[in-house]
Amino acid sequence: MNSMANIAVQRIKREFKEVLKSEETSKNQIKVDLVDENFTELRGEIAGPPDTPYEGGRFQLEIKIPETYPFNPPKVRFITKIWHPNISSVTGAICLDILKDQWAAAMTLRTVLLSLQALLAAAEPDDPQDAVVANQYKQNPEMFKQTARLWSHVYAGAPVSSPEYTRKIDKLCAMGFEKNAVIVALSSKSWDVETATELLLSN
């Protein structure tokens, strides 16, 4: 192992312990686990913040540590599907400045997890990762909230959400479409069953 990678590992081991001992972890707000023994990949988890559509959900993160850490940021994406302007509803890719050009070597695993939790509470629709979600967020905030809550319920274990949306999902699933595809189609077509069906048929 080269000395650069060695710095990364020493640093991550320390930060890993910092997260485990943190107040946020004891309050069940953030969590981190090892995926492999050599600390190059971690699994993070954050709780959906209170008073947001994500409340009650738990969101899994894939965290890959580059050999050049802490001089370059970790590569992070959401494994749990989420409806949020700054996170791709398809790939889980995240648009957050500290994971790109605003990264500083003083930042740690804990600050990354807390920043992502803060992002859930304060979306930046003008710097979107997912244009469809961002448009809905700006044009129909109430529908955005209901949709985000539904995704949190289905994918992150949050409490039950809009019965109306659930009925529409069941209706299209009964037609033989796959559930995840149905949720994406309805969410991106403003919960209009007809246009969502057209979208599903064209795929």
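Quick notes on the rules
Residues numbered from 1 in each chain as written. Predicted model: local features only at pLDDT ≥ 70, side-chain atom pairs only at ≥ 80, totals over all residues. Heavy atoms only, no water. UniProt positions renumbered as here; feature names shortened; annotations may be inferred. Axes fitted to C-alpha atoms, helices over the stretch in contact; angles between N-to-C directions. Helix = DSSP H or I, 4+ residues; strand = E, 2+ residues; numbered from the N terminus. Left-handed = near helix turned anticlockwise from the far one by under 90°. Contact = heavy atoms within 4.5 Å. Nonpolar A, V, L, I, M, F, W, Y, C, P; charged D, E, K, R; others polar.

- The name recorded for the protein in an unreviewed UniProt entry is Ubiquitin-conjugating enzyme E2 K, from Phoxinus phoxinus.
- Note on the protein: under the UniProt heading Sequence similarities (unreviewed entry), the record states "Belongs to the ubiquitin-conjugating enzyme family."

## Some remarks on the packing of helix α5 (residues 141-156) against helix α6 (residues 163-174)
Packed helices, taken two at a time, are described by the angle their axes make and the gap between the axes.
Here comes step 1: Running from amino to carboxyl end, α5 crosses α6 at an angle of 60°, the nearest separation of the two axes being 10 Å. Here α5 runs over α6; the crossing is right-handed. Facing M143, Q146, T147 and L150 of α5, the residues of α6 in contact are Y165, T166 and I169.
Here comes step 2: When grouped by side-chain class, the residues that make up the contact of α5 with α6 number 4 nonpolar, 3 polar and no charged.

## Quick look at the side chain of E62
Here comes step 1: Mapping E62 onto the fold places it in strand β3 (residues 58-64).
Here comes step 2: Residues contacting E62, with those up to four places away along its chain left out, are E41, L42, K75, V76, R77 and I79.

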